[in-house]
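One letter stands for each residue in the lines below.
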Amino acid sequence: MSEPVTVPPVPPVPSAPRTARERVRAELTSEIKEVALAQLASSGGAALSLRAIAREMGMASSALFRYFHNRDALLTELIIDSYSALAEAAEAAEERAHHQSIEDRWAAICHGVRGWAVAHPHEYALIFGSPIPGYAAPPGTVAPASRVPLLLGDLLGDLRAGPSYDAGAHPEPSESVRRAIDPVRPMMPEAVPSDLIVRGLMAWTYLFGAVSFEVFGHRHNVILDREAFFDHEVRRLAAVLGLVSAQS
């Protein structure tokens, strides 16, 4: 029998280098966003002004409008960037703990969310703070906003598939509650029962409630070591909600 022929891997085709104009556009777009975030930090979303940004950057308003045609277009990009960065932090944290227990993975996701939020309070406020008057988020923000909930959904799926999961320990909720959570079902792995979805929604709500309390100053002069307390509370919550398997 002849020796098998080994076909060498085809090297990836390098992407074409960006033109000078494309590089300048990317750099200016990034600078516009940085100035906009600074403006949001100082005055809030309602006061975000493309003309003010143009003045600060020494640009003509007409030139800036070639990058973002109105305030809402800029806000949408900032919101997508913020959701994406938050999700990347949570996903990276979960990946580092992926082969550990359900409890450790849950805690890793929570710490990933908190760590990013504490380091980027203005971006966090943009996506989890008060609604911006006159702004309605377009459908393009849904996918990036769903990444952390989907990550938690995967955790529920793994919990449900584990050998220690006891479906009888948590009876299914009423029909009205099952109907209430119907919009969430498509985001969940197959066979995750309604009661576990409810518990996941409670955990998701608590996570962002706890982070928001800290970011928006409601734990100031209340909790001293906030990181240690946060780690304790999210692990305690996992036990209370039955998200921790017997093997965790």
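In what follows, the structure referred to is the one given above.
Cut-offs applied
- Residues numbered from 1 in each chain as written.
- Predicted model: local features only at pLDDT ≥ 70, side-chain atom pairs only at ≥ 80, totals over all residues.
- Heavy atoms only, no water.
- Salt bridge = Lys/Arg side-chain N within 4 Å of Asp/Glu carboxyl O.
- Helix = DSSP H or I, 4+ residues; strand = E, 2+ residues; numbered from the N terminus.
- Buried < 20%, exposed > 50% of the residue type's maximum accessible area, 1.4 Å probe, protein only.
- Expected span 1.5 Å × (residues − 1).
- Bend = angle between axes of the 7 residues up to and from the residue.
- Contact = heavy atoms within 4.5 Å.
- Phe/Tyr/Trp six-rings, centres within 6.5 Å; stacked < 30°, edge-to-face > 60°.
- Lys NZ or Arg CZ within 6 Å of the ring centre and 35° of its normal.

A few words now on the pattern of salt bridges. Following the criterion strictly, the structure yields 14 salt bridges and no others. Put simply, Glu-214 and Arg-114 hold a salt bridge, and the shortest N to O gap is 2.9 Å. You can see Glu-214 sitting in helix H9 (residues 194-215) and its partner Arg-114 sitting in helix H5 (residues 102-119), a full 100 residues away along the chain. Accessibility assignment for this pair places Glu-214 and Arg-114 in one class, buried. Overlapping salt bridges bring together Glu-103, Asp-104, Asp-231 and Arg-235 as one network.

This brings us to helix H7 (residues 142-161). Compared with an ideal rise of 1.5 Å per residue, which puts 20 residues at 28 Å, H7 spans 28 Å between its outermost C-alpha atoms and is within 8% of the ideal. Along H7, the sharpest kink reaches roughly 35°, centred on Val-148 and followed within four residues by the proline Pro-149. Within H7, the full set of buried residues consists of Pro-144, Ser-146, Val-148, Pro-149, Leu-151, Leu-152, Gly-153, Leu-155, Leu-156, Gly-157 and Leu-159. Buried residues belonging to H7 abut helix H4 (71-96), H5 and H9.

What follows deals with the packing of aromatic side chains. Applying the stated rule across the entire model yields 4 aromatic pairs. Centroid distance Phe-128 to Phe-208: 4.6 Å. Interplanar angle 25°. Geometry classified as stacked. Highlighted residues: Phe-128 in helix H6 (residues 121-128) and Phe-208 in helix H9, separated in sequence by 80 residues. With a relative accessible area of 27%, Phe-128 lands in the partly exposed category. Pairwise contacts between aromatic rings join Tyr-83, Tyr-124, Phe-128, Phe-208 and Phe-216 into one cluster. A cation over an aromatic ring shows up here: Arg-25 above the ring of Tyr-67, its NZ or CZ 4.5 Å from the ring centre. Seen from the ring of Phe-230, Arg-114 lies directly overhead, with NZ or CZ sitting 5.8 Å from the centre.

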